[in-house]
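# Observations on the three-dimensional arrangement
Here is how the chains run, residue by residue.
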Amino acid sequence: DQQVKQNSPSLSVQEGRISILNCDYTNSMFDYFLWYKKYPAEGPTFLISISSIKDKNEDGRFTVFLNKSAKHLSLHIVPSQPGDSAVYFCAASGGNSGGYQKVTFGTGTKLQVIP
Amino acid sequence: GAGVSQSPRYKVAKRGQDVALRCDPISGHVSLFWYQQALGQGPEFLTYFQNEAQLDKSGLPSDRFFAERPEGSVSTLKIQRTQQEDSAVYLCASSLVDRLYRPQHFGDGTRLSIL
């Protein structure tokens, strides 16, 4: 039962163009969403997050959009740079009354930015 | 150090041996998480500690897996009588717990290979 889905295993984009990474979720209790970036042989690095009370959050070149009715979120990177080449994980948490984040991850999308 | 530190980075063991994986969280982080990441998959939650208390161990795959954090800082994940299906990258993450919605900070993981 994959509650967070990233249906595109890979994506190639030209340097300077926009990269759009998509993520769908099934659990309506999720209320906090995150994107992590991962380089080979390193742990995931937090990139950007959004809570369910918002539909957009922006941080520099990175913007996350949330469509709660469609249970869909996306990460936009503008402009894309070669250093952005990595695996991007979508993650979600919520509905946990224990006061901590039990995070569920997607399977990742490998982004390649071509110089 | 400033980040989450895990050791060893790589561990090779024969089937049936016991292994112990160590995690040093970021200083002052009271929340600590263990994840298992199989090849081509996203991290999957194993267990959660708040200080020394293990509040959630619902993700541990079997009773061969055991985690502890006796003094509320360093944590050890132990796997007894290892099996080939235990081969994976084991990630540790920590976060502040002053507010619920805080991103988790990951270590670089321990890659475990069971022969």
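First things first, this report covers the structure right here in the doc. Nothing here was measured: the structure is a model prediction, and the numbers come from that model. (Residues numbered from 1 in each chain as written. Chains lettered and ligands numbered in written order. Predicted model: local features only at pLDDT ≥ 70, side-chain atom pairs only at ≥ 80, totals over all residues. Heavy atoms only, no water.)

This next bit is on unusual backbone geometry. V78(A) connects to P79(A) through a cis peptide bond whose omega is -10°. Within the secondary structure, P79(A) sits in the loop between β8 (72-77) and β9 (86-93). P8(B) follows S7(B) through a cis peptide bond whose omega is -10°. Mapping P8(B) onto the fold places it in the loop between β1 (5-7) and β2 (10-13). (Helix = DSSP H or I, 4+ residues; strand = E, 2+ residues; numbered from the N terminus.)

Right, let's get into the sheet that holds strand β6 (residues 56-59) of chain A. Adjacent strands of a sheet pair through backbone hydrogen bonds, lying either parallel or antiparallel. All names here are of chain A. Judged by pairing direction, the sheet is antiparallel, and its five strands sit side by side in the order β1-β3-β8-β7-β6 without closing on themselves. Both outer strands of the open sheet, β1 (4-5) and β6, are each paired with one neighbouring strand and no more. Strand direction decides the pairing type here: strand β3 (residues 19-25) and β8, joined by six bridges, are antiparallel. Paired with C23 across the bridge in β8 is L73. (Pairing = 2+ DSSP bridges.)

Let us look at the pattern of salt bridges. Taken as a whole and assessed by the stated rule, the structure comprises five salt bridges over all chains. When the shortest N-O distance is used, the salt bridge between K102(A) and D56(B) registers 3.6 Å. Placement of the pair is K102(A) in the loop between β9 and β10 (104-105) and D56(B) in strand β6 (residues 53-56), with the two residues belonging to separate chains. Put simply, R22(B) and D24(B) hold a salt bridge, and the shortest N to O gap is 2.8 Å. Classification of R22(B) as partly exposed rests on a relative accessible area of 38%. A relative accessible area of 23% places D24(B) in the partly exposed class. (Salt bridge = Lys/Arg side-chain N within 4 Å of Asp/Glu carboxyl O. Buried < 20%, exposed > 50% of the residue type's maximum accessible area, 1.4 Å probe, protein only.)

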